[in-house]
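If you want the building blocks of each chain, they are given just below.
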Amino acid sequence: MSYDVIVIGSGPGGYVCAIKAAQLGLKVAVIEKRATYGGTCLNVGCIPSKALLHASEMFHHAAHGMDSLGIEVSAPVLNLEKMMAHKDATIKSNVEGVSFLFKKNKIDGFIGTGKIVAAGKVSVTAEDGQVQELDTKNIVIATGSDVAGIPGVNVDIDEKVIVSSTGALDLTKVPQNLIVVGGGVIGLELGSVWMRLGAKVTVIEYLDKLLGAMDADVSKQFQRMIAKQGMDIRTEAKVTAVEKTEAGAKVTYEPVKGGEAVTVEADVVLISTGRKPYTEGLGLEGAGVALDNRGRVEIDHGFKTNVAGIYAIGDVVKGPMLAHKAEDEGVALAEILAGQHGHVNYDVIPGVVYTQPEVASVGKTEEELKAAGVNYKVGKFPFTANGRARAMQVTDGFVKILADKETDRVLGGHIVGFGAGEMIHEITVLMEFGGSSEDLGRTCHAHPTMSEAVKEAALATFAKPIHM
Ligand SMILES: Cc1cc2nc3c(=O)[nH]c(=O)nc-3n(C[C@H](O)[C@H](O)[C@H](O)COP(=O)(O)OP(=O)(O)OC[C@H]3O[C@@H](n4cnc5c(N)ncnc54)[C@H](O)[C@@H]3O)c2cc1C
Ligand SMILES: NC(=O)c1ccc[n+]([C@@H]2O[C@H](COP(=O)([O-])OP(=O)(O)OC[C@H]3O[C@@H](n4cnc5c(N)ncnc54)[C@H](O)[C@@H]3O)[C@@H](O)[C@H]2O)c1
């Protein structure tokens, strides 16, 4: 069989690239080694984690958030099996959706391990060991990423007691004590899930703050809020050992600034210290495809590797490991392969942490602007001064907008608050169009909405807010 494009990996990068390429008239095949399409994101990442985040938030709300609204309910009872069934059904409907779209777009799907034999030739090894060879004009590597583990520490992840995100999405009972190693996105999202369901959660983080890459104001405020919810946060603590015990596991960490090592015990330990590009068994060495010093497939601005006819996108290449970044690269590459001019604007990629409150960010942080010597101005507005937030009892958090001091062009937006992950998109669209804080502040916003806080933060950036 001969194709225009063979995509290896069916995550958000691969499956979106395949669909777009087929829509543009190319003959496309996708090879996936998992039993179902959709990659990390749909099977063990974005989708299952959001199903559990939503369900656990509802549980928490039923237990703690109703009385003050005048709704008296008896204490909710957790049926974890049913909650997990909701998560599994969510995964199933999403992965089946991808299968449907492949059929609709006449994409040939192969379940098996893809290996690049040479430019233009890919083999697929099925689970039963059968191998078939496919010919193609172009190969797209979209093999994603895998758990990185803790650099320099030997950890035996059994997905029961010492778990990665995959095991943490599938626990069969609520741990009494959960230790989270790494206070990044995965640790805080999945730590929140189990804390809401009753676990005592301790987060051990190497840096001096949680969510290291976020704007410092945002991560400071977020840390205060999550600690108030009961999460035990230990920063500037370097984990040096994780070992199983008879009762569960123990974690040893050393204060980064020096001092005695501390050992803490728990029944489950989540290792969430980052992910690494996944290229195992792909035959890159044989095909001569170059990697960079962090093991990522090296590409140019058009997603081309150093070997003609071989491209790469998503978590396996540089840039943030985010599903929507992978998707946008998939679309851009499909357009390029179809002779169009695909492009991704890496300056305007939003990031959302789906905790409660949510944290959302787009563009530059204040620290990045300072370091780059940019002359900027800041506008901030708290949700305590927003009528809708008061009505909904979600007044925690704020909106912060950063704009160029001379031109007023918006350079970054940061939100901590209920629904931040939805609200960030108006700042994202504004930035994509090169808009100013005055453009945003003068745009009529419906009342009463949480989004009015975005408008007020914009007013605070170029003039003064009304409601403060
Ligand atoms: C717990 C968790 C939660 C997350 N939540 C979010 C979120 O809310 N929002 C967000 O933007 N991002 C989130 N992410 C990150 C997101 O999942 C990734 O950025 C995204 O999946 C990357 O897409 P991709 O297509 O590059 O790779 P992947 O989704 O990793 O897909 C790669 C696929 O390639 C397959 N593959 C690998 N090698 C081969 C081979 N040789 N042959 C055949 N198939 C192969 C793999 O089996 C896999 O299915 C989360 C990640 C995790 C772990
Ligand atoms: N909502 C989302 O968009 C979402 C959700 C989940 C995952 N993801 C993606 O998945 C990727 C992986 O997530 P993650 O949370 O594993 O990684 P991360 O990079 O977000 O966080 C890892 C944290 O572990 C800390 N750490 C590393 N070594 C340590 C040690 N020895 N002791 C203590 N702390 C240590 C790091 O300082 C860092 O803060 C991220 O790139 C993220 O973009 C995104």
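The rules behind the values
- Residues numbered from 1 in each chain as written.
- Chains lettered and ligands numbered in written order.
- Predicted model: local features only at pLDDT ≥ 70, side-chain atom pairs only at ≥ 80, totals over all residues.
- Heavy atoms only, no water.
- Buried < 20%, exposed > 50% of the residue type's maximum accessible area, 1.4 Å probe, protein only.
- Helix = DSSP H or I, 4+ residues; strand = E, 2+ residues; numbered from the N terminus.
- Pairing = 2+ DSSP bridges.
- Expected span 1.5 Å × (residues − 1).
- Contact = heavy atoms within 4.5 Å.
- Axes fitted to C-alpha atoms, helices over the stretch in contact; angles between N-to-C directions.
- UniProt positions renumbered as here; feature names shortened; annotations may be inferred.
- Phe/Tyr/Trp six-rings, centres within 6.5 Å; stacked < 30°, edge-to-face > 60°.
- Lys NZ or Arg CZ within 6 Å of the ring centre and 35° of its normal.
- Salt bridge = Lys/Arg side-chain N within 4 Å of Asp/Glu carboxyl O.
- Disulfide = S-S within 2.5 Å.

## Brief notes about the pairing of strand β22 (residues 410-417)
When a strand is regular, its side chains alternate between the sheet's two faces.
Then, in step 1: Burial runs high along β22: eight of the eight residues are buried.
Then, in step 2: When strand β19 (residues 358-363) meets β22, the two strands line up antiparallel, connected through six bridges. What sits directly across from Ser 361, in β22, is His 414.
Then, in step 3: Strand direction decides the pairing type here: strand β21 (residues 398-404) and β22, joined by six bridges, are antiparallel. Bridge pairing in β22 places Phe 398 opposite Val 416.
Then, in step 4: Between the antiparallel neighbours β21 and β22 lie five residues, among them Asp 408 with a positive phi of about 70°.

## Some thoughts on helix α4 (residues 80-104)
Then, in step 1: Here α4 spans 36 Å end to end across 25 residues, near enough to the 36 Å set by a 1.5 Å rise per residue.
Then, in step 2: Every buried residue of α4 is accounted for by Leu 80, Met 83, Met 84, Lys 87, Ile 91, Val 95, Val 98 and Phe 102.
Then, in step 3: As for α4, its buried residues are in contact with α1 (12-23), β2 (28-32), α2 (39-44), α3 (46-64) and α6 (185-196).
Then, in step 4: Count one or two residues on from α4 and you reach Lys 106, which has phi positive near 55°.

## Let's talk about the sheet that holds β21
Think of a sheet as strands paired side by side through backbone hydrogen bonds, with each pair either parallel or antiparallel.
Then, in step 1: Judged by pairing direction, the sheet is antiparallel, and its five strands sit side by side in the order β18-β19-β22-β21-β20 without closing on themselves. If you trace the sheet from one side to the other, it starts and ends with β18 (351-353) and β20 (376-382), each paired once. Across the sheet, the axes of successive neighbouring strands diverge by a mean angle of 10°, strand direction being ignored.
Then, in step 2: Two strands pair when backbone bridges link them, and β18 and β19 are joined in this way by three bridges, in the antiparallel orientation. Within the sheet, the bridge partner assigned to Val 352 lies in β19 and is Ala 360.

## As for the environment of Asp 146
Then, in step 1: Here Asp 146 is to be found in strand β7 (residues 145-147).
Then, in step 2: Owing to a relative accessible area of 33%, Asp 146 belongs among the partly exposed residues under this scheme.
Then, in step 3: Along the primary structure Asp 146 and Pro 277 are separated by 131 residues, whereas in three dimensions their C-alpha atoms are 6.4 Å apart.
Then, in step 4: The residues touching Asp 146, leaving out its near neighbours within four places in the chain, are Arg 275, Lys 276 and Tyr 278.

## Describing the UniProt feature "domain: FAD/NAD(P)-binding" (unreviewed entry) in the protein chain
Then, in step 1: This chain's UniProt record puts "domain: FAD/NAD(P)-binding" (unreviewed entry) on residues 3-330.
Then, in step 2: When the span residues 3-330 is considered, its composition is 31% helix and 26% strand, and the gap between its end C-alpha atoms is 17 Å.

## What about the packing of aromatic side chains?
Then, in step 1: As enumerated under the stated definition, the model contains two aromatic pairs in all.
Then, in step 2: When the centroid spacing of 6.5 Å and the interplanar angle of 90° are considered together, the rings of Tyr 3 and Phe 110 count as edge-to-face. In this pair, Tyr 3 is assigned in strand β1 (residues 2-8) and Phe 110 in strand β3 (residues 108-111), connecting sequence segments 107 residues apart. For the residue pair Tyr 3 and Phe 110, the accessibility class agrees, reading buried in each case.
Then, in step 3: Above the face of the Phe 398 ring, Lys 380 is positioned so that its terminal group lies 4.3 Å from the ring centre.

## Here we look at unusual backbone geometry
Then, in step 1: In this chain, Gln 356 is followed by Pro 357 through a cis amide linkage whose omega measures 0°.
Then, in step 2: As for its placement among the helices and strands, Pro 357 is situated in the loop between β18 and β19.
Then, in step 3: Residue His 447 is joined to Pro 448 through a cis peptide bond whose omega torsion reads -5°.
Then, in step 4: Along the chain, Pro 448 falls in the loop between α13 (437-441) and α14 (452-462).
Then, in step 5: Unlike most non-glycine residues, Glu 236 shows phi in positive territory, near 50°.
Then, in step 6: Along the polypeptide, Glu 236 turns up in the loop between β11 (232-234) and β12 (237-244).

## A word on the pattern of salt bridges
Then, in step 1: For the coordinates displayed, the defined rule picks out 21 salt bridges.
Then, in step 2: A salt bridge links Asp 215 to Lys 400, with the nearest nitrogen and oxygen atoms 2.9 Å apart. Taken together, the residues span a long stretch of sequence, with Asp 215 in the loop between β10 (200-204) and α7 (216-228) and Lys 400 in strand β21 at a distance of 185 residues. Comparing Asp 215 with Lys 400 shows no difference in burial state: the two are buried.
Then, in step 3: Of the charged contacts in the structure, one is a salt bridge between Glu 329 and Lys 325, with a shortest N-O distance of 3.2 Å. With Glu 329 and Lys 325 both in helix α9 (residues 323-337), this residue pair falls four residues apart, about one helical turn.
Then, in step 4: A relative accessible area of 1% means that Glu 329 is categorised as buried.
Then, in step 5: Overlapping salt bridges bring together Asp 215, Asp 217, Glu 366, Lys 380 and Lys 400 as one network.

## Considerations on the state of the cysteines
Then, in step 1: Following the criterion strictly, the structure yields one disulfide and no others.
Then, in step 2: Each disulfide pairs two cysteine sulfurs, and for Cys 41 the partner residue is Cys 46, the sulfurs being separated by 2.3 Å. On the S-S bond that ties Cys 41 to Cys 46, the torsion sits near -130°, and the link is left-handed.
Then, in step 3: Overall, Cys 46 belongs to the partly exposed group, its relative accessible area being 28%.
Then, in step 4: Here Cys 17 is not cross-linked by a disulfide; its sulfur's nearest cysteine counterpart is in Cys 41, at 16 Å.

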